[in-house]
Structure formats: structure tokens, C-alpha cells
Amino acid sequence: MAKRKKASTPAKGKAGKGKSSGGFFRALLRWTAISFCVTLLAIGGCVFYQQNTTVSGARNHLAFGTPGRADRVLVREGYVAGYSVQHRQPRWVIYELKSEDISGKRVGRTNQFTADRDVPGVPVTPEDYKSSGFDRGHLAPAADMAYSMRTMKESFLMSNMSPQRPEFNRGVWKDLESQIRTFAADEKDIFVITGPILPEKPPWAIGAKRDITVPGYFYKVVYDRTPPEKMIAFLLPNAGSPRKLADFAVTVDAVEAATGLDFFSEMPKDKQEKLESTITVSDWKWQKFKKR
């Protein structure tokens, strides 16, 4: 459990024009929120929530807290992403995955990669990855989002992508994504957090301006809500590997230490500390994969 100061999440509103009391108070609230965020930026960053992206009736992917700082929190029906302007990709993506999402009616993969106009600054486009030698690697996998056409389309937004080496994306990472779906089918209700480990000074980048960070490592965190509750995490280099998935298993605490994030911060602290500090690999149902 990482210790950090909580970031604020003020809503952005437009101050009214004129001299009415309503306009005055709206302007005052806006100025107060901005001033508060400027103060917080000096002590660890301010999280802004993207307006007009909250989906009515959607499941609460942030039920156990926001994993950490982000320049924009993008709320989708199928997942929530914490986007980094510096690295032009998410620091984290979180979503709830249920057994019925896997076993119910499924839609086909669209492969329609699309620029996300909700991100701050210039959005990443599919062309930014062209001839880069890297795949557009999903963080919220398309196969996890196949329970509706809307969630499938959301999974192909470029704000859900991170540069992955082809032998990684199509090999051990693909197997891990499949393994997570097995966990969901077996355990009935899980929360998944996934993302890249982003260095402050990236040694390698792609894109037209060479400003899309190529991560050296990726992580996944899984929380099984079905009693007896448990957690497991994975930390993998962005490279192909013949090793078993269980070889990459680590505690959630280990991923927090590597990323500086704080997962499940709204969970009771004693419960959080116990679940995040231990793993028992044999408690999980494992698939058998072909040798890579």
C-alpha cells in the first residue's frame, strides 16, 4: 500500500456571464477549484475528470478508489483510464470484469483504431504507430470488452493503447489477457488494473514527434471479490518470453513500489494491507498454453 497525498478531482464548470449572484458564485467556485488544484500540483499532481464521459447506469469501476495521479481521467462504459499527457498513454486502466461478460452474448472484434478527442492536447492517431516496429497494445483488451458494441469500440480508442513489441503483444501478453478472463469466469467477479511502467525520462519513444513513450515493463493487478477474497499481480518486461505466466506473479505491493500508484485506496486499510502483501499462486485456476 503506497502512501501518498490524495489528489483532488474538481469538476470543470463554465462561469456565467453578467452580474447575477448565480454567475458570481459559479465564478467563485471555479476560481477556488483552480487555485486548490494549482496548490496540489506542487505537492503531487491534480487529477481532472473529463466532462461528459460519465455513462449513466454503468458499473462503478472506481468503487475501490482511483489508482493514482493522471492528467485526465477518462470514464468509459467498459473501463476508466488515467491518461498521461507527458507519455501520451494511460498510466493505468481499471475495470470490473464479471463471468457473464465472458460467457454471455459477444460482439465481434472491430479493429477500428480511433483517435480519442477527449484527451488533453494533440490526440495520438493510429498513424503514429505506423512503421514504428511496435504494436498498438490494448490495456483494456478487446476480448474483455466484447460484451457490447459500445465497450468494444471504446477498447479501440488510441487512449487505451501503449507501444508493445510484437513478440510481447502477440505472445506472453496475449496469454496473460486470456488468463485474466479465465480468472473472471472462475471467480465470477474481479477488478483488473493494467498499465505500463513509465519512466520520467523515457529512453525510447515513437510517433511523429517521438513523444509516445515505449515502456520497458507492463503490469496487471487482479482483485477477486468472491470469498475468500484474494489478489495477484504480474510484472512483465516488454519483450517476448517462453516462461510460464506464474513466473511473473508478484504481490500488489511490488507493483505499487514499481509504479508509485496506490491501488484500492478506498478499501479498509487492514484489509488492503493483507490482500496486497500476499499471493498464493495455487489458489488461482491456471490455463495451459502452448509453448511460445
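Since the structure is predicted, the reported quantities are computational estimates derived from the model, not experimental observations.

Some points on the overall build of the chain
Stage number 1. Across its full length, the chain holds six helices and eleven strands.
Stage number 2. Buried positions account for 49% of the 292 residues belonging to the chain.
Stage number 3. Pairs at least 24 residues apart make up 68% of the contacts formed inside the chain by residues separated by at least 6 positions.
Stage number 4. When the accessible surface of the chain is totalled, it reaches about 14500 Å², and 54% of it is carbon and sulfur.

Details of the packing of aromatic side chains
Stage number 1. Using the criterion set out here, one finds twelve aromatic pairs in the structure.
Stage number 2. Ring centres 5.3 Å apart and planes at 85° place the aromatic pair Phe-64 and Tyr-223 in the edge-to-face group. With a gap of 159 residues between them, Phe-64 in the loop between helix H1 (21-41) and strand S1 (72-75) and Tyr-223 in strand S9 (residues 217-224) connect regions that are remote in the sequence.
Stage number 3. Pairing Trp-173 with Phe-218 gives two aromatic rings, centres 5.5 Å apart and planes at 55°, and the pair type is tilted.

Some thoughts on the sheet that holds S9
Stage number 1. Pairing is antiparallel in the open sheet, where seven strands are placed in the order S1-S2-S3-S6-S9-S10-S11. Two strands lie at the open edges of the sheet, namely S1 and strand S11 (249-250), each paired on one side alone.
Stage number 2. Packed on one face of the sheet, helix H5 (residues 252-259) meets strand S6 (189-197), S9, strand S10 (230-237) and S11 and runs near 45° to S10.

Looking at the side chain of Asn-160
Stage number 1. Take Asn-160: it is sitting in the loop between helix H3 (149-155) and strand S5 (161-164).
Stage number 2. The exposure class of Asn-160 is buried, given its relative accessible area of 0%.
Stage number 3. A polar contact is formed between the side chain of Asn-160 and the backbone nitrogen of Ala-140, at a distance of 2.9 Å.
Stage number 4. Of the polar contacts made by the side chain of Asn-160, one reaches the backbone oxygen of Ser-155; its length is 2.9 Å.
Stage number 5. What Asn-160 contacts, discounting residues up to four positions off in sequence, is Tyr-79, Pro-90, Val-93, Gly-137, His-138, Leu-139, Ala-140, Glu-154 and Ser-155.

A few points about the pairing of S9
In summary, the side chains of a regular strand alternate between the two faces of the sheet.
Stage number 1. Among the eight residues that make up S9, seven are buried, leaving the element largely enclosed by the rest of the structure.
Stage number 2. Here S6 pairs with S9 via eight bridges, running antiparallel. Its bridge partner lying in S9, Ile-193 is registered against Val-221.
Stage number 3. As defined by bridge partners, S9 adjoins S10 across eight bridges and the pair is classed as antiparallel. When the sheet's bridge partners are listed, Val-221 is paired in S10 with Ala-233.
Stage number 4. Counting the residues in the hairpin turn of S9 and S10 gives five residues.

Brief notes about the pattern of salt bridges
Stage number 1. Applying the stated criterion across every chain, the model contains 14 salt bridges.
Stage number 2. The residue Glu-77 makes a salt bridge to Arg-150 at a minimum N-O spacing of 3.5 Å. One end of the pair, Glu-77, is in the loop between S1 and strand S2 (80-84); the other, Arg-150, is in helix H3, with 73 residues separating them in the sequence.
Stage number 3. Given the relative accessible area of 22%, Glu-77 is considered partly exposed.
Stage number 4. Overall, the relative accessible area of 47% leaves Arg-150 in the partly exposed class.
Stage number 5. For Glu-96, the salt bridge identified is with Arg-225, shortest N-O distance 3.6 Å.

Brief notes about unusual backbone geometry
Stage number 1. With an omega dihedral of -5°, the bond running from Pro-227 to Pro-228 counts as a cis peptide bond.
Stage number 2. Mapped onto the fold, Pro-228 is located in the loop between S9 and S10.
Stage number 3. Of note in the backbone geometry, Arg-88 takes a positive phi value of approximately 55° without being a glycine.
Stage number 4. Take Arg-88: it is sitting in the loop between S2 and strand S3 (89-98).
Stage number 5. For Asn-111, which is not glycine, the phi torsion reads 60° and is therefore positive.

Details of helix H6 (residues 269-277)
Stage number 1. Every buried residue belonging to H6 is among Gln-272, Leu-275 and Glu-276, and all of these are buried. Mapping the buried residues of H6 onto a view down its axis gives an arc of 95°, with all of them on the same face. Turned more than 90 degrees off the buried face of H6, the exposed positions are Asp-270 and Lys-274.
Stage number 2. In the core, the buried residues of H6 are packed alongside S9, S10 and H5.

What about the confidence of the model for the chain?
Stage number 1. Chain-level statistics for the chain give a pLDDT mean of 84 and a share of 80% at 70 or above.
Stage number 2. Confidence drops under pLDDT 50 across residues 3-57; counting only partners more than four residues distant or on other chains, this segment forms 65 contacts.

What counts as what
Residues numbered from 1 in each chain as written. Predicted model: local features only at pLDDT ≥ 70, side-chain atom pairs only at ≥ 80, totals over all residues. Heavy atoms only, no water. Helix = DSSP H or I, 4+ residues; strand = E, 2+ residues; numbered from the N terminus. Buried < 20%, exposed > 50% of the residue type's maximum accessible area, 1.4 Å probe, protein only. Contact = heavy atoms within 4.5 Å. Areas by Shrake-Rupley, 256 points an atom, 1.4 Å probe, with all protein chains shown as cover. Phe/Tyr/Trp six-rings, centres within 6.5 Å; stacked < 30°, edge-to-face > 60°. Pairing = 2+ DSSP bridges. Axes fitted to C-alpha atoms, helices over the stretch in contact; angles between N-to-C directions. Polar contact = N/O pair within 3.5 Å; in protein donor to acceptor, adjacent residues only side chain to side chain. Salt bridge = Lys/Arg side-chain N within 4 Å of Asp/Glu carboxyl O. Arc of directions from axis to C-beta. pLDDT = per-residue confidence, 0-100.

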